[in-house]
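Spelled out from the first residue to the last, the chains are:
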Amino acid sequence: MNLCSLVAGQPVTGAGSLAVRNPYNGAPVGSVAVASRADVQAAVAAARGFRDTPSRHTRSRILGTAAEALEQAREDFARLITQEAGLALRETRYEVGRTLDVLRFAALEALRDDGQVFACDVSPLGKARKIFTTREPLRCVAAITPFNHPLNQVAHKVAPAIAAGTPLLLKPSEKTPLVALKFAGLLSAAGLPGPMLSVLLGPTAEVAETLVTHPDIEALAFTGSVAVGKRIAATAGYKRLVLELGGNDPLIVLDDAELELAVTLAAEGSYRNSGQRCTAVKRILVQDGIAPEFTRRLVQRTREYVCGDPMDEATRVGTVIDEASALQLEQVVQEAVAAGAKVLTGGRRHGALLEPTVMGDVPRDCRMVVSESFGPLAPILTVRDLDDAIALANGTPYGLSSGVVTTNLSHALKAVRALRCGTVNINEVPGFRVENSPFGGIQDSGLGIKEGVIEAVKAYSYVKTFSLPW
Ligand code: NAP
């Protein structure tokens, strides 16, 4: 599949190309013609010059038509993600389903008028007037997305921008560009005007950094690592920033937990999407009383997660994004072992495949649990009680999400209040959400400005107030 970067919906040619290879077997998947700095400038100019904002009805129709087309092409999209990213088909089919939700929620949101009316005779200083609010599109926003949910991350930027009527310039991950461009093609076929979406791949200095620092871009939405997010915060200048960064999410399992549920949540939270979710379970904090039995059952459950060819229907854990990432994870495991941890199952690497791995006796200060380990690792740490678990959970710079497994409502409420992060899910994985609920982290995980379809529409628009004399 050979595709081109898109400037205002039109393919660019001539500035070189980017090859995409399958992380599982190295086979070529396709290539993308890359954009230059001049192409970025042209895309910004086209977006800023665009005045024919489609009506709410038309925006909703475009999103709805795109959802119908994606429904028809579900399997093609899932297979393309599997080829580009090495994720098992179970995961990529699920991702396409989530993207359908994003499109459908955005189609609804395009129709919603959230304007308000304020009476002005409510104060001795007031008057017999009324203030009204109306939501206006921004002229031009940019979005930069990561590799780990290469379709859904893109949809979470593009669909709310369409709902808001705001032109968007997208820079997808260079590791997974094909699915982003295929998705753009689907939107174009659904009637999206060209200037409302450019998709730009190319060298970081020419494309991503030009977008980040461009004075004519009014808002920038970035999802990716903490390091790049902080660099963007330092260089973006005067523009609205939505930063969705890394996570180090705990799953707290208390003595009163329903054990089988806890084991299921730990395994699914740690291994789904090859452990490459910002909200994957990165640390399992288990109260001492049930730790031995929980560990025994998690090891047993982990052995059911077949790791191998992502295209094989039996596979539940495919590759991580590339061999370099798998090697780095292997090193993180070795470091933990050198510090006293034990590999209880898994731990072997074959190219970009890393077996789902349960680690026991993990010291609290080793890299595996202090930093984000973006892969199918399940490190178990024991805790004395809920207070100890909360202190440990809050003990890293991250603050994205969390899960707590308990049957005690007081414990649940205490955890909701005390955990310093964007989400607390009781008896669920940290990653649980629906696509229109507010989502996002604090501290190193983000600035606390939420995404999710409804919040993102707000991020890509602004509220104008006007008043009338009655
Ligand atoms: P990454 O290395 O930070 O890359 C993310 C995007 O930023 C890519 O498109 C990348 O382009 C681009 N980029 C690289 N250098 C840049 C620069 N100097 N200026 C502007 N953009 C630049 O992240 P990743 O490895 O793809 O994704 C994994 C990370 O994303 C994890 O930390 C994960 O937790 C996080 N994540 C967070 C959320 C959330 O909602 N909080 C969701 C998903 C993932 P290239 O591909 O060209 O390098």
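Refer to the structure presented above.
What this report covers is the structure whose coordinates are included nearby.

Cut-offs used in this document
- Residues numbered from 1 in each chain as written.
- Predicted model: local features only at pLDDT ≥ 70, side-chain atom pairs only at ≥ 80, totals over all residues.
- Heavy atoms only, no water.
- Helix = DSSP H or I, 4+ residues; strand = E, 2+ residues; numbered from the N terminus.
- Buried < 20%, exposed > 50% of the residue type's maximum accessible area, 1.4 Å probe, protein only.
- Contact = heavy atoms within 4.5 Å.
- Near = heavy atom within 4 Å.
- Polar contact = N/O pair within 3.5 Å; in protein donor to acceptor, adjacent residues only side chain to side chain.
- 1 Å grid on protein atoms, 1.4 Å probe; cavity = no way out; pocket = protein on both sides within 12 Å on 5 of 7 lines; lining within 4 Å.
- Sits in = over half its atoms within 2 Å of the grid points.
- Nonpolar A, V, L, I, M, F, W, Y, C, P; charged D, E, K, R; others polar.
- Domains from an automatic or database assignment.
- Phe/Tyr/Trp six-rings, centres within 6.5 Å; stacked < 30°, edge-to-face > 60°.
- Lys NZ or Arg CZ within 6 Å of the ring centre and 35° of its normal.
- Pairing = 2+ DSSP bridges.
- Axes fitted to C-alpha atoms, helices over the stretch in contact; angles between N-to-C directions.
- Salt bridge = Lys/Arg side-chain N within 4 Å of Asp/Glu carboxyl O.

1. A word on the environment of proline 137
Checked against the element boundaries, proline 137 lands in strand S7 (residues 130-137). A residue is classified by how much of its surface remains accessible, and proline 137, at 25% relative accessible area, is partly exposed. Distance from proline 137 to tyrosine 462, taken between C-alpha atoms, is 6.5 Å for residues 325 residues apart in sequence. When sequence neighbours within four positions are dropped, the list of residues in contact with proline 137 reads Thr53, Ala164, Gly165, Thr166, Tyr460, Ser461 and Tyr462.

2. Some details on the site of the ligand
The environment of the ligand is made up of 30 residues, and the closest members are Thr145, Lys171, Ser225, Leu245 and Glu372. Threonine 145 is positioned such that a nitrogen or oxygen atom in its backbone is 2.7 Å from an oxygen atom of the ligand. At 2.6 Å, a backbone N or O of leucine 245 approaches a nitrogen atom of the ligand. Counting atoms within 2 Å of the grid points, the majority share of the ligand lands in the largest pocket. Looking at the shell around the ligand, the elements that each hand over two or more residues are helix H7 (208-213), strand S11 (219-223) and helix H8 (226-235). In terms of residue class, the shell around the ligand is built from 14 nonpolar, 10 polar and 6 charged. Counting only domains with at least three residues in the shell around the ligand, you end up with domain 1 (2-245 + 446-469) and domain 2 (249-434).

3. Notes on the packing of aromatic side chains
Within this structure, the stated rule accounts for 3 aromatic pairs. When the centroid spacing of 5.2 Å and the interplanar angle of 15 degrees are considered together, the rings of phenylalanine 132 and phenylalanine 466 count as stacked. Here phenylalanine 132, found in strand S7, pairs with phenylalanine 466, found in strand S22 (residues 461-468); they are 334 residues apart in sequence, far enough to count as distant. For phenylalanine 466, a relative accessible area of 36% puts it in the partly exposed group. Geometrically, the ring pair formed by phenylalanine 147 and phenylalanine 374 is edge-to-face, given 5.9 Å between the ring centres and 80 degrees between the ring planes. Taken together, the residues phenylalanine 147 in the loop between strand S8 (141-144) and helix H5 (152-164) and phenylalanine 374 in the loop between helix H12 (367-370) and strand S19 (377-383) connect sequence positions 227 residues apart. By relative accessible area, which is 15% here, phenylalanine 147 ends up buried. The ring of phenylalanine 77 is capped by lysine 182, whose NZ or CZ atom sits 4.9 Å from the centre of that ring. Sitting over the ring of tyrosine 305, arginine 316 keeps its end group 4.1 Å from the ring centre.

4. A short note on the sheet that holds strand S4 (residues 17-21)
Strands belonging to one sheet form pairs held by backbone hydrogen bonds; the direction of such a pair is parallel or antiparallel. In spatial order, the strands read S1-S5-S4; together these 3 strands make up an open sheet with mixed pairing. Across the chains shown, the open sheet's two edge strands, defined by having one partner strand only, are strand S1 (2-4) and S4. Direction aside, the axes of adjacent strands within the sheet are offset by 20 degrees on average. Across 3 bridges, S1 lies against strand S5 (residues 28-33) in parallel orientation. In the strand pairing of S5, leucine 3 is matched with valine 32. In the packing of helix H6 (residues 177-189) onto the sheet, the strands contacted are S1, S4 and S5, and the crossing angle to S5 comes to about 60 degrees.

5. Considerations on the sheet that holds strand S20 (residues 403-405)
Across the sheet, 7 strands lie side by side as S15-S18-S19-S14-S13-S20-S21; this open sheet has mixed pairing. Each having just a single partner strand, strand S15 (342-345) and strand S21 (425-426) make up the two edges of the open sheet. Direction of pairing for S15 relative to strand S18 (residues 357-360): antiparallel, over a ladder of 3 bridges. If you follow lysine 342 over to S18, its bridge partner there is glycine 360.

6. Overview of the pattern of salt bridges
Inspection of every chain in the model, using the stated rule, returns 32 salt bridges. Linking glutamate 91 and arginine 90 is a salt bridge whose minimum nitrogen-to-oxygen distance equals 3.9 Å. On the basis of relative accessibility, which here comes to 29%, the residue arginine 90 falls in the partly exposed class. Between glutamate 372 and lysine 282 there is a salt bridge, with its nearest N and O atoms 3.5 Å apart. A residue pair is termed long-range when its members are at least 10 positions apart, and glutamate 372 in the loop between H12 and S19 and lysine 282 in strand S14 (residues 281-287) qualify at 90 residues.

7. Some thoughts on the environment of tyrosine 305
One can find tyrosine 305 in the loop between helix H10 (291-302) and helix H11 (323-338). Looking at tyrosine 305, the relative accessible area reads 6%, which means it is buried. If near-sequence neighbours (up to four positions away) are discounted, tyrosine 305 is found in contact with Arg90, Ala267, Glu268, Tyr271, Arg316, Val317 and Pro356. Here the side chain of tyrosine 305 touches glutamate 268 through a polar contact of 2.4 Å, side chain to side chain.

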